[in-house]
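# Coordinates in review
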Amino acid sequence: MTRITTLGKVLQVLTFYKWAFGDLTDQDSDVGMLAEYLVGDILNCLPPTRKVQAPCDLIMKDGTTLEIKATTHKATPKGRTPYYRWDVSTQSEMLKGSRPIADYWVFLIASFPRETSRTPRVVQAFDTKNWMCYLVSGEKLRTAGCTKYVSESTLKRLDAVAFPLGELKKRFNHEIH
């Protein structure tokens, strides 16, 4: 009997998550949480639970701190070519030097193929082929003076190069060694 009750609770949790996060690809806040999960999983630094008000998103076993930013939406200012940008205003104290900055920032762009009956968007969200990322040191970002938004042009100015998420571990290990 206990097993059925436990299974019922698990199904209730899954039902809640489907209700709350039914389309993980719709809002940047949901995409951001998913990005934190994927990066933590790839770099083997996923905490047991997500800490919403933590000073940084992830901490590696060696103490290296990571800030993760993700988007799926292009900014389209009037009369200009659309581009990707990430809101970093909630980390402005970190970027201005008022508190320690994360050692590395990972900026991700999620691009999910059109949903089909065989490949639902939620499943595609976990496929690393649908994500591109940039890796930038925190100090480099702070020196650039970004306190509100970071755009693709900012990252290019900092000599950051986009690469598939599946290469993150290799690139990260190369960057810190």
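Everything below is about the structure printed above this text.
Report follows, based on the coordinates. The shown structure was predicted, so the numbers you read here are calculated from the model rather than taken from an experiment.

## Some remarks on a nonpolar patch on the surface
On the surface, Leu-7, Val-10, Leu-11 and Leu-14 cluster together to form a nonpolar patch covering roughly 370 Å² of accessible area. By the secondary structure assignment, Val-10 is in helix 1 (residues 2–20). A residue is classified by how much of its surface remains accessible, and Val-10, at 42% relative accessible area, is partly exposed.

## Focus: the sheet that holds strand 7 (residues 149–151)
Read across the open sheet, the three strands follow the order 3-4-7; overall the sheet is antiparallel. Edge positions in the sheet fall to strand 3 (74–75) and strand 7, since each has one partner strand and no second. Two strands pair when backbone bridges link them, and strand 3 and strand 4 (residues 83–87) are joined in this way by two bridges, in the antiparallel orientation. Bridge pairing in strand 4 links Ala-75 to Tyr-83.

## Comments concerning the packing of aromatic side chains
Applying the stated criterion across every chain, the model contains six aromatic pairs. Pairwise contacts between aromatic rings join Trp-86, Trp-105, Phe-107 and Tyr-134 into one cluster. The ring of Tyr-149 carries Arg-85 above its face, with NZ or CZ at 3.8 Å from the centroid.

## A word on the pairing of strand 4
As paired elements, strand 4 and strand 7 share three bridges and run antiparallel to each other. Looking at strand 7, one finds that Arg-85 is bridged to Ser-151.

Conventions adopted
- Residues numbered from 1 in each chain as written.
- Predicted model: local features only at pLDDT ≥ 70, side-chain atom pairs only at ≥ 80, totals over all residues.
- Heavy atoms only, no water.
- Patch = residues over 30% accessible without salt bridge, like charges linked within 9 Å, V, L, I, M, F, W, Y side chains within 5 Å.
- Areas by Shrake-Rupley, 256 points an atom, 1.4 Å probe, with all protein chains shown as cover.
- Salt bridge = Lys/Arg side-chain N within 4 Å of Asp/Glu carboxyl O.
- Helix = DSSP H or I, 4+ residues; strand = E, 2+ residues; numbered from the N terminus.
- Buried < 20%, exposed > 50% of the residue type's maximum accessible area, 1.4 Å probe, protein only.
- Pairing = 2+ DSSP bridges.
- Phe/Tyr/Trp six-rings, centres within 6.5 Å; stacked < 30°, edge-to-face > 60°.
- Lys NZ or Arg CZ within 6 Å of the ring centre and 35° of its normal.

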